[in-house]
Amino acid sequence: MASKLVLRMGDPRLLQRAEPITNFDSPELRVLLADMRDTMHELDGVGLAAPQIGVSLRVVIFEVNANPRYPDAESVPQTVLINPIITPLSDEMEEGWEGCLSVPGMRGLVPRYTRLRYQGRDENGAVIDRTVSGFHARVVQHECDHLEGVLYPMRIRDMRNFGFSDVLFPNQNAQDE
Ligand code: NI
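Residues numbered from 1 in each chain as written. Predicted model: local features only at pLDDT ≥ 70, side-chain atom pairs only at ≥ 80, totals over all residues. Heavy atoms only, no water.

1. Topic: the overall build of the protein chain
Just so we agree on the cut-off: By the criteria applied, helices consist of DSSP H or I runs no shorter than four residues and strands consist of E runs no shorter than two, each listed in order from the N terminus. Only C-alpha atoms enter the radius of gyration, while the globule expectation follows 2.2 Å times N to the 0.38, with N the number of residues. Burial here depends on accessible area, computed with a 1.4 Å probe over protein chains only, as a share of the maximum for the residue type. Under 20% is buried, over 50% is exposed, and the range in between is partly exposed. Any pair of residues with heavy atoms lying within 4.5 Å of one another is described as a contacting pair. Accessibility throughout is a Shrake-Rupley quantity obtained with a 1.4 Å probe, and a residue counts as covered only by protein chains that appear here. Counted as positive: Lys and Arg. Counted as negative: Asp and Glu. His and the chain ends are not counted at all. The atom standing in for a charge is NZ when the residue is Lys, CZ when it is Arg, CG when it is Asp and CD when it is Glu.
When helices and strands are tallied, the protein chain shows 3 helices and 8 strands. When the elements of the protein chain are put in sequence order from the N terminus, they spell out α-β-β-β-β-β-β-β-α-β-α. The C-alpha radius of gyration computed for the protein chain amounts to 15 Å, which stays within 12% of the reference 16 Å derived for 177 residues, consistent with globular compactness. Taking all 177 residues of the protein chain together, 47% fall into the buried category. Pairs at least 24 residues apart make up 68% of the contacts formed inside the protein chain by residues separated by at least 6 positions. A total of about 9300 Å² of accessible surface is found on the protein chain, and carbon and sulfur atoms cover 49% of it. Averaging the locations of the 18 positively and 26 negatively charged side chains of the protein chain gives two centres separated by 3 Å.

Below, the structure is given as structure tokens:
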């Protein structure tokens, strides 16, 4: 188990469509998830997708802990989501600021569905089926985009809303997804 190098935007591996997991509860999957957790925690990220560490499989993790320094950040349960399916529950979208461990130091304003259902499996193959909204829904869409080879800058509608974090938000220490 080890923290892995996170691929950065420009690496063609981030643009591939990832393959489904067919074998749950395997040693390989356990090692992958341990590496992903170590990497995400070391970099203080909100979420990570397997392709970001060079593994083209449909596995994402995410978690947002309640942090007294950021009372506005909604907490999101620690989740392992495998072979996800996202179904928006309305056409309504909202714009919000995102960052990404593969696009370090940057932030962009990205439209996302506000309410959705996501389904998939956890590491043991148990079914996950949740209806979520707001920041939780945003994080899931961001991570699952990685499985389609989509990085958040590709979704920004107005590139004037893309820039360096410390310039856009000089007083914040925001997390990456
Ligand atoms: Ni990302």
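2. A closer look at the pattern of salt bridges
For side chains bearing opposite charge, pairing can occur when the charged atoms are close. What counts is decided by this rule: What makes a salt bridge here is a side-chain nitrogen of Lys or Arg within 4 Å of a carboxyl oxygen of Asp or Glu, nothing more.
One pass over the structure, following the stated rule, counts 13 salt bridges. Taking the shortest distance from any N to any O, the salt bridge between Glu 123 and Arg 37 comes out at 3.3 Å. You can see Glu 123 sitting in the loop between β6 (115-121) and β7 (127-133) and its partner Arg 37 sitting in helix α1 (residues 27-42), a full 86 residues away along the chain. Across the pair Glu 95 and Arg 157 runs a salt bridge whose closest N-O atoms are separated by 3.4 Å. Taken together, the positions of Glu 95 in strand β4 (residues 93-100) and Arg 157 in the loop between α2 (134-147) and β8 (162-164) put the pair 62 residues apart, joining distant regions of the chain. For Glu 95, a relative accessible area of 39% translates into the label partly exposed. Among the residues examined, Arg 157 registers a relative accessible area of 57% and is labelled exposed.

3. Focus: the sheet that holds strand β5 (residues 103-113)
Applied cut-off: Paired strands, in this sense, are two strands between which DSSP finds at least two bridges. Only the contacting stretch of a helix is used when fitting its axis, a line to C-alpha atoms as for every element, and angles between N-to-C directions run 0 to 180 degrees.
Read from one edge of the open sheet, 3 strands run β4-β5-β8, paired in antiparallel fashion. On the outer flanks of this sheet lie β4 and β8, each paired with one strand and no other. Neighbour to neighbour, the strand axes of the sheet diverge by 25 degrees on average, direction disregarded. As judged from the 3 bridges shared by β5 and β8, these two strands associate in the antiparallel manner. If you follow Gly 108 over to β8, its bridge partner there is Phe 162.

4. A look at the side chain of Ser 165
Tracing the backbone through its elements, the reader meets Ser 165 in helix α3 (residues 165-168). Filtering out sequence-adjacent residues up to four positions away, Ser 165 remains in contact with Gly 105, Met 106, Arg 107 and Pro 170.

5. As for the pairing of strand β2 (residues 59-64)
Most of β2 is tucked away, with 6 of its 6 residues classed as buried. Covered by surrounding structure in β2 are Val 59, Ile 61 and Glu 63 together with Val 60, Phe 62 and Val 64, the residues of both alternating faces. In this sheet, β2 lies alongside strand β1 (residues 47-49) in antiparallel orientation, the contact comprising 3 bridges. If you follow Gly 47 over to β2, its bridge partner there is Phe 62. Sheet topology places β2 next to strand β3 (residues 76-88); 5 bridges connect them, and they run antiparallel. Residue Val 59 lies in a different strand from β3, and its bridge partner there is Ile 82.

6. Side note on the environment of Gly 105
Looking at the element boundaries, Gly 105 is found in strand β5. In this structure, the C-alpha to C-alpha distance between Gly 105 and Glu 148, residues 43 residues apart in sequence, is 23 Å. When near neighbours in sequence (up to four residues on either side) are disregarded, Gly 105 contacts Gly 163, Phe 164 and Ser 165.

7. Re unusual backbone geometry
Backbone geometry places Asp 25, a non-glycine residue, at a positive phi of 60 degrees. Within the fold, Asp 25 resides in the segment before α1. Of note in this structure, Asp 44 is not a glycine but carries a positive phi near 60 degrees. Structurally, Asp 44 can be placed in the loop between α1 and β1. Note on Asp 44: relative accessible area 47%, which makes it partly exposed.

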